[in-house]
Amino acid sequence: MLGITFFDQFGEYIMLLRKVFTKPQKRKVFFVNLIQEIDKIGISSLWIVAFISVFIGAVATIQTAFNIDSPLMPTWSIGFTVRQSMILEFCPTIISLILAGKVGSSIASELGSMRITEQIDALEIMGINSANFLILPKIVASVIINPFLITMSMFLSILGGWLAGVLTGFVTTPNYIDGLQIDFHPYDVFYSLIKTIFFAFLISSISSYKGYHISGGALEVGKASTKAVVTSSIFIILFNLILTQLLLS
Amino acid sequence: MIEAVHIFKSFNGNDVLKDVSIQFKQGKTNLIIGQSGSGKTVLMKCIVGLFEVDKGKIFFNERNFSEMNFEQRKDIRQEMGMLFQGGALFDSMNVIENVMFPLSMFTNQTKDEIRERAQFCLKRVNLENTDQLFPSELSGGMKKRVAIARAISVNPRYLFCDEPNSGLDPITSNVIDNLIREITQEYSITTVINTHDMNSVMEIGDNIAFINKGELWWEGNKDNILNSDNTELNKFVYATELTRALKKTR
Ligand SMILES: Nc1ncnc2c1ncn2[C@@H]1O[C@H](COP(=O)(O)OP(=O)(O)O)[C@@H](O)[C@H]1O
Ligand SMILES: [Mg+2]
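We now turn to the structure provided with this report. Here the residue numbers are simple positions, counted from 1 along each chain's written sequence. To label them, take the chains in the order written and letter them from A, then take the ligands in the order written and number them from 1. Per-residue local features are limited, in this predicted model, to residues with pLDDT of at least 70; the limit for side-chain atom pairs, both in listing and counting, is 80 or more; totals at the level of whole chains, interfaces and linings are taken over all residues. Each side-chain value is worked out from all heavy atoms of the structure, with water and hydrogens disregarded.

1. A word on the overall build of chain B
Let me state the cut-off plainly: Labels follow the DSSP assignment, with helices taken as runs of H or I lasting at least four residues and strands as runs of E lasting at least two, numbered in each case from the N terminus. Atoms counted for the radius of gyration: C-alpha only. Globule rule: 2.2 Å times the number of residues to the power 0.38. Only protein chains enter the accessibility calculation, which uses a 1.4 Å probe; a residue is then buried when its area is under 20% of its type maximum, exposed when over 50%, and partly exposed in between. Residues count as neighbours in contact if any of their non-hydrogen atoms are within 4.5 Å of one another.
When its secondary structure is counted, chain B shows nine helices and ten strands. Taken over the C-alpha trace, chain B has a radius of gyration of 18 Å; the compact-globule value for 250 residues is 18 Å, and the two agree within 12%. Each principal axis of the C-alpha distribution contributes one length, and for chain B these read about 55 × 45 × 35 Å. Counting over 250 residues, chain B shows a buried share of 52%. For chain B, the proportion of contacts with a sequence separation of at least 24, taken over those separated by at least 6, is 65%.

2. Topic: the environment of Val189(A)
Residues and elements named next belong to chain A. For Val189, the position within the fold is in helix H8 (residues 186-212). Since its relative accessible area comes to 22%, Val189 is described here as partly exposed. Residues Val189 and Thr151 lie 38 residues apart in sequence; the distance between their C-alpha atoms is 8.5 Å. With sequence-adjacent residues up to four places away left out, Val189 is seen in contact with Ile87, Met154 and Phe184.

3. Quick notes on the interface of chain B and chain A
The following threshold applies: We define buried area as the total accessible area lost by two parts upon association, computed with a 1.4 Å probe and summed across both. Definition used for salt bridges: Asp or Glu carboxyl oxygen within 4 Å of a side-chain nitrogen of Lys or Arg. Each polar contact in these results corresponds to two N or O atoms within 3.5 Å; when the atoms are within protein, one needs to be able to donate a hydrogen and the other to accept it, and residues that are neighboring in sequence are counted only if both atoms are side-chain atoms. The residue classification treats Ala, Val, Leu, Ile, Met, Phe, Trp, Tyr, Cys and Pro as nonpolar and Asp, Glu, Lys and Arg as charged. All others, Gly included, are polar.
Taken residue by residue, the interface counts 25 residues in chain B and 18 residues in chain A. For the pairing of chain B and chain A, the buried interface totals around 1,900 Å² over both sides, and the portion due to carbon and sulfur atoms is 65%. Sorting the residues of chain B by area buried against chain A places Phe70(B), Phe90(B) and Met105(B) first, and these three jointly supply 28% of that buried surface. Taken together, the connections running from chain B to chain A amount to two salt bridges. For the pair chain B and chain A, the number of links is seven residue pairs in polar contact (both at pLDDT 80 or more). Per-element tally for the side of chain B that touches chain A: the top contributor is helix H3 (residues 95-106) of chain B, with five residues. Its residues assigned to classes, the side of chain B that touches chain A comprises 13 nonpolar, seven polar and five charged.

4. Observations regarding the pairing of strand E7 (residues 158-162) of chain B
All names here are of chain B. Short version of the rule: When DSSP finds two or more bridges between two strands, those strands count as paired. Throughout, right-handed denotes a crossover for which the path from the first strand over the helix to the second runs clockwise when the strands point away from the viewer.
Most of E7 is tucked away: five of the five residues are buried. Here E7 shows two buried faces, one formed by Tyr158, Phe160 and Asp162 and the other by Leu159 and Cys161. Bridge analysis of strand E6 (residues 80-83) against E7 gives four bridges, and the strand direction is parallel. Note on E7: the bridge partner recorded for Leu83 is Cys161. Strand direction decides the pairing type here: E7 and strand E8 (residues 190-195), joined by five bridges, are parallel. Bridged to Leu159 within E8 is Thr191. Viewed along the sheet, the connection from E7 through helix H6 (residues 170-186) into E8 turns out right-handed.

5. Structural notes on the site of ligand 1
Residue and element names in this part refer to chain B. Heads up, the condition is: Nearness here has a simple test: a residue counts as near a molecule or strand if at least one of its heavy atoms is within 4 Å of that partner. Residue burial considers only the protein chains on display, and all accessible areas are found by Shrake-Rupley using a 1.4 Å probe.
For ligand 1, the full set of nearby residues is Phe11, Val16, Gln35, Ser36, Gly37, Ser38, Gly39, Lys40, Thr41, Val42 and Phe51. For ligand 1, an oxygen atom lies 2.7 Å from a polar atom in the backbone of Gly37. Taking Val42, its main chain carries an N or O atom lying 3.0 Å from an oxygen atom of ligand 1. In the complex, the protein chains occlude 62% of the 560 Å² of accessible area that ligand 1 would expose alone.

In structure tokens form, the structure reads like this:
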């Protein structure tokens, strides 16, 4: 039998999105679901995002300090390098990849198990557009909450960098702050958040698609959640390149 | 009355339903029986529109369901209740929320009115003091009863039950079967039941359709099923020691 090609899947994905982006049956129920999803997708990711951000910021400072161990380098280099690498790349892209792992797999397995236990069929029988009912709150919640997570990650990674720098004596507080302020373009933050929003959409919609479209047994649920993580990660990396080219050129 | 006319359905070249025409009567328990894999679930899902048929038509009291789109089907969908094989209760909701859910999505009743109706339905299926439990905390029979309560909460004209007593012991099966029959008669519902259980057949088989390899092989009721001369049907009916022993005593 013919394998399902990329284009078939892409077509199915677009059809699903067309079902998702319709008017909810009941506005009030939609908002209740949205709040629940914000809690499930966003609030529950706070700790992991905070933890990773602080430590990567610290490592960025230490590595920069080791690599520019030259008297000719200005004292602000460390703060500057940490800020640029965290805001431009680490926070939006790497944290999004981590969220693809955490949130993507949970979305795909939730929808996948609802599919195999016929809960999705039960919604359809009642006359409810199950794709809209289940998936729209997830996508909207991700697009709302991920920019907050990434903004927090920016602050915490820079804070982590400062802590590491001061504790190890590689940099003084005034020098670090100098570095943070030099040649700062607020547009960089904006660029980063635009990427984040795209990535949030990719993670939630691709994982929903992978979970919603399974058939078979419990084994498929596990496979779908793996595929959700792999596929969303690949698309994050591809879109990272495209968006960087579009937004920074 | 529900009418399915010349239904064909295949999956990737595998012909599952081959020209099935069948009618289901109001106020009766209409059974679809047959071996596992014979196409009962596919037929039921085609009738309710969870699968689109390849060819054929489906009428709900003269309304041509098969030619409607999702929006147009909504009205008929709200007259349907369905009991899925595993219950299909929403894991994230407790018992009372499960039963209240269809009402809260489609009616403008107040929360109290909806709760009252849900409690009435739970009482009707003999479930009380379980309102706050979650599906994972219920036994198989209790899940089925909650699912029945959810299905009847909207006062359906049509009730579909896919293997309502699969995985249940004979006594609980019997309770569920009789509950479905009582509700069918009480509210004059058109009820369609998939089963491969001969006990159910003899208990509630008002009308029986025997499906074999995706084709309709025999139609009748519980009074004449034991005396048919259809060999395939007899293989199914007399598949167990128990039914063969019964045959000898007749
Ligand atoms: N979604 C599906 N995709 C492909 N084949 C299916 C699907 N659902 C059912 N089938 C096939 O249809 C046939 C009948 O299945 P089913 O209606 O579930 O039997 P049963 O009578 O036990 O309910 C089986 O051969 C099954 O493999
Ligand atoms: Mg079946």
